[in-house]
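Commentary on secondary and tertiary structure
Okay, here's what each chain looks like letter by letter:
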Amino acid sequence: MKYFRYFIFLFLFSNVIVAQKVVVFDNYATLEKTILNDEKTTYVVNFWATWCAPCIKELPYFEKLNSENKNIKVVLVSLDFKNQYESKLIPFVEKKSIQSQVVLLTDKDYNTWLPIVDKDWSGSIPATLIIKNGNKVFAERFFSSYEELNGYVNKIIN
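Anyway, here's the lowdown on the structure attached to this text. Within each chain, residues carry numbers counting from 1 in the order of the written sequence. With pLDDT at 70 or above as the cut-off, local features in this predicted model cover only qualifying residues; side-chain atom pairs require 80 or more to be listed or tallied, and sums for whole chains, interfaces and linings still use all residues. The side-chain values count all of the structure's non-hydrogen atoms but skip hydrogen atoms and water molecules.

Let's talk about helix H4 (residues 85-95)
Think of it in three bands: with a 1.4 Å probe and only protein chains considered, a residue is buried below 20% of the maximum accessible area for its type, exposed above 50%, and partly exposed in between. Each helix corresponds to a stretch of at least 4 residues labelled H or I by DSSP, and each strand to a stretch of at least 2 residues labelled E; elements are numbered beginning at the N terminus. Listed in full, the buried residues belonging to H4 are Tyr85, Leu89, Ile90, Phe92 and Val93. Take H4 and look down its axis: the buried residues cluster within an arc of 155°, on one side only. Residues of H4 that are exposed and angled more than 90 degrees away from the buried face: Ser87 and Lys95. Of the residues trailing H4, Ser97 is marked for its positive phi of about 50°. By construction, the arc corresponds to the directions joining the helix axis to the C-beta atoms.

Structure below.
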């Protein structure tokens, strides 16, 4: 009976410990068509990497935004190296228990896709793209607090 209870406990809570699947996109156009394709959804897309200290510092603000604002969908686009997917990115996402959708973009043809995100984007991160009703607002900057990020997003989407 003791083992039966243990089995039931593991069965009931096993979905809690399953790691998030991080989808890899080799080009931005496919990411855009696959993930950012619902015109009824307002997206807050954060470009970041595990090797970017300011990116890591602001990630909790995006996580809080994702959990508290049900009118938006947060997508965290990692620009980490493809060969570090299993050694760095996946362990990072698991360790931080990230709940927002995470994708890895490995498109190195920056001159093609950076201007699609924003014509003036230098490529530096962190950077955030807000998409609402097909309209895009881009911020190539660091958000120093949740309040700053939330205020910025709400100003744009309202």
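There is more to say after this.
Side note on helix H6 (residues 146-157)
Here the expected length of a helix is defined as 1.5 Å per residue gap, with one fewer gap than residues. A rise of 1.5 Å per residue sets the reference length of H6, with its 12 residues, at 16 Å; its end C-alpha atoms lie 16 Å apart and thus fit the reference within 8%. For H6, the complete set of buried residues consists of Tyr146, Leu149, Asn150, Tyr152, Val153 and Ile157. One face of H6 carries all of its buried residues, which in axial projection span an arc of 160°. Residues of H6 that are exposed and angled more than 90 degrees away from the buried face: Glu147 and Lys155. Turning to H6, the residues buried within the fold contact strand S2 (42-48), helix H3 (53-68), strand S3 (72-78), strand S5 (127-132) and strand S6 (135-139). Whether two residues touch is decided by their heavy atoms; if any such pair falls within 4.5 Å, the residues are in contact.

Points about the sheet that holds S2
Spatially, six strands are ordered S1-S4-S3-S2-S5-S6 in an open sheet, and the strand pairing comes out mixed. Whereas interior strands pair on both sides, the edge strands pair on one side only; in this sheet they are strand S1 (23-25) and S6. On average, adjacent strands in this sheet sit at an angle of 25° to one another, irrespective of strand direction. Paired strands are those between which DSSP finds at least two bridges. In this structure, S5 lies alongside S6, joined through five bridges in antiparallel fashion. Looking across to S6, one finds that Ile131 is bridged to Lys136. Note on geometry: axes are lines fitted to C-alpha atoms, helical ones only across the stretch in contact, with angles between N-to-C directions running from 0 to 180 degrees. Running at roughly 160° to strand S4 (residues 101-105), H4 makes contact with S1, S2, S3 and S4 of the sheet. Strands in contact with H6 are S2, S3, S5 and S6; relative to S5, the strand with the most contacts, it is inclined by about 30°.

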